[in-house]
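The primary structure of each chain is shown beneath.
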Amino acid sequence: MSLPYFYISNYNGADKQIVLNEETSKHVVQVLRMKVGEQLHLTDGNGNLLTCKIAEADRKHCEVNVTDSHLTPHTSHRITIAISLLKNSNRFEWFLEKATEIGVTAIIPLLCERTEKEKFRFDRLNGICISAMLQSQQTWLPVLHEPVQFNSLDRWQVENSSNFIAHCIDGSKQELANQQISKSAHSLVCIGPEGDFTPAEIELALQNNFIPVSLGETRLRTETAGVVAAALLCQI
C-alpha cells in the first residue's frame, strides 16, 4: 500500500524535523488516525518528495522526522494551458483538477472579450491544484497565474515555444494531435470562453505566430477543450 501524500510549502531542503500545519496535522492524526512511527510522504510541489516518520501525533502540530528525500526531475516537455475563466466556477475548478492530474506545467486564466466572469479566488483555486497533485501522487505543482487580458498576448506568451490557439470558426486549422513537437520543447495552447474567441482575438493570435488548431470533430465546452488539449500535448 502506497504512503499518503501531503503538501508542505517553503521546504528549504535541509530540515530533518518538520512540524505540519494544523490542517495537515488534523488530517493525519484525526482523519487518517495515523500513529507515532507510521510513515507518510511530503512534497513541496517543486519536485521534492520526502519520506517521513511521525514523531509526535498531535492533531494541531504533528511532528515528523525526514528519513529520506528525493528530487524528481521536471518533465522536459513543458505544457501551458491558457484558458478563459468561466461563468460557472465549478466547471473551471473541474478543469484545474483534471489538468493537474494530467500533468500540465502552468495554467494561465484568460480574460477575453466574451469572458462572462472575472472573479478569481487564487487561494481556493491553487488549493484545488494542490489537492489534485497529491491525489495523483505527483511532486510538481502547476504554476497557476493570475488572470491576464487576452489582448496582452504579446507580453505573456512563452518564448521559444510551440504556440497554438484552438477555436471554432471555420477556416484552415491543423489537428493538435498531429503536431510534431520536440519532447524537450515548451507548448502553449489558448482555449476561449463560452461563445469562443472573437475574430479580432484570433487575428491577434495569428499575428503573434500562434498556429490555429482543432481538437477533434465535435464542439467542446471550454473546460473539456482544456482537458483534451492537455491530454493531447502530454501524449506528444
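Read on for an overview of the structure. What you are looking at is a predicted structure, and each value in this text was computed from that prediction instead of being measured.

### With respect to the overall build of the chain
Inference 1: A count of helical and extended segments in the chain gives 6 helices and 13 strands.
Inference 2: When its C-alpha atoms are laid out on the principal axes, the chain stretches across 65 × 35 × 30 Å.
Inference 3: Contacts in the chain between residues far apart in sequence, at least 24 positions, make up 76% of those at least 6 positions apart.
Inference 4: A total of about 12300 Å² of accessible surface is found on the chain, and carbon and sulfur atoms cover 45% of it.
Inference 5: Averaging the coordinates of the 21 positive side-chain charges in the chain and doing the same for the 27 negative ones gives two points 6 Å apart.

### A closer look at the sheet that holds strand β3 (residues 39–43)
Inference 1: Taken in spatial order, the 5 strands line up as β1-β3-β4-β5-β2 in an open sheet, and their pairing is mixed. Of all strands in the sheet, those bounded by a partner on one side alone are β1 (5–7) and β2 (17–19). Averaged over all pairs of adjacent strands, the angle between strand axes in this sheet comes to 40°, irrespective of strand direction.
Inference 2: Here strand β4 (residues 48–56) runs beside strand β5 (residues 63–71); their pairing, made up of 8 bridges, is antiparallel. Bridge pairing in β5 links Ile54 to Val64.
Inference 3: Packing against the sheet, helix α1 (residues 22–31) makes contact with β1, β3 and β4, and its axis sits at approximately 160° to β1.

### Regarding the packing of helix α2 (residues 89–102) against helix α6 (residues 222–235)
Inference 1: Between α2 and α6, the shortest axis-to-axis distance is 9 Å and the interhelical angle comes to 10°. It follows from the interaxial angle that α2 and α6 lie roughly parallel. Across the interface between the two elements, Arg91, Trp94, Phe95, Lys98 and Ile102 of α2 pack against Glu223, Thr224, Gly226, Val227, Ala230, Ala231 and Cys234 of α6.
Inference 2: When grouped by side-chain class, the residues that make up the contact of α2 with α6 number 7 nonpolar, 2 polar and 3 charged.

### With respect to α1
Inference 1: Of all the positions in α1, only Thr24, Ser25, Val28 and Val29 are classed as buried. Along the axis of α1, the buried positions cluster into a sector of 110°, meaning they face one direction only.
Inference 2: Contacts from the buried residues of α1 go to β1, β3 and β4.
Inference 3: Following α1 by one or two positions, Arg33 has its phi on the positive side, about 55°.

### Here's the deal with the pairing of β4
Inference 1: Bridge analysis of β3 against β4 gives 5 bridges, and the strand direction is antiparallel. In the strand pairing of β4, Leu42 is matched with Leu50.
Inference 2: Between the antiparallel neighbours β3 and β4 lie 4 residues, among them Gly45 with a positive phi of about 80°.
Inference 3: Remark: 6 residues form the turn of the hairpin made by β4 and β5, two consecutive strands paired antiparallel.

### Considerations on the nonpolar core
Inference 1: With 39 residues, the main nonpolar core has Ile81, Leu96 and Ile191 as its most contacted residues.
Inference 2: Taken together, the elements giving at least two residues each to this core come down to β6 (78–84), α2, β7 (106–111), α3 (122–135), β10 (161–166), β12 (186–191) and α6.
Inference 3: Residues Phe6, Met34, Cys52 and Val64 belong to the second largest nonpolar core, which totals 16 residues.

### Some details on the side chain of Asn208
Inference 1: In this fold, Asn208 is placed in the loop between α5 (199–207) and β13 (211–214).
Inference 2: Polar side-chain contacts of Asn208 include one of 2.9 Å to the backbone oxygen of Leu204.

### Some remarks on the pairing of β10
Looking down a regular strand, the side chains alternate between one sheet face and the other.
Inference 1: Strand direction decides the pairing type here: β10 and β12, joined by 6 bridges, are parallel. Looking at β12, one finds that Asn163 is bridged to Leu188.
Inference 2: Judged from the 3 bridges that link them, β10 and β13 form a sheet pairing that is parallel. Bridge assignment links Ala166 to a residue of β13, and that residue is Val213.

### A closer look at the pattern of salt bridges
Inference 1: Applying the stated criterion across every chain yields a total of 6 salt bridges.
Inference 2: Of the charged contacts in the structure, one is a salt bridge between Glu93 and Arg124, with a shortest N-O distance of 2.8 Å. Of the two residues, Glu93 sits in helix α2 while Arg124 sits in helix α3, which places them 31 residues apart along the sequence.
Inference 3: Given the relative accessible area of 13%, Glu93 is considered buried.
Inference 4: What makes Arg124 partly exposed here is its relative accessible area of 41%.
Inference 5: Between Lys98 and Glu97 there is a salt bridge whose closest N-O contact spans 3.0 Å.
Inference 6: Of the residues examined, Lys98 reaches a relative accessible area of 23% and is grouped as partly exposed.

Criteria and thresholds
- Residues numbered from 1 in each chain as written.
- Predicted model: local features only at pLDDT ≥ 70, side-chain atom pairs only at ≥ 80, totals over all residues.
- Heavy atoms only, no water.
- Helix = DSSP H or I, 4+ residues; strand = E, 2+ residues; numbered from the N terminus.
- Contact = heavy atoms within 4.5 Å.
- Areas by Shrake-Rupley, 256 points an atom, 1.4 Å probe, with all protein chains shown as cover.
- Lys, Arg positive; Asp, Glu negative; His and termini not counted.
- Charge placed at Lys NZ, Arg CZ, Asp CG, Glu CD.
- Pairing = 2+ DSSP bridges.
- Axes fitted to C-alpha atoms, helices over the stretch in contact; angles between N-to-C directions.
- Parallel < 35°, antiparallel > 145°, perpendicular 65-115°, else oblique.
- Nonpolar A, V, L, I, M, F, W, Y, C, P; charged D, E, K, R; others polar.
- Buried < 20%, exposed > 50% of the residue type's maximum accessible area, 1.4 Å probe, protein only.
- Arc of directions from axis to C-beta.
- Core = buried A, V, L, I, M, F, W, Y, C linked by side-chain atoms within 4.5 Å.
- Polar contact = N/O pair within 3.5 Å; in protein donor to acceptor, adjacent residues only side chain to side chain.
- Salt bridge = Lys/Arg side-chain N within 4 Å of Asp/Glu carboxyl O.

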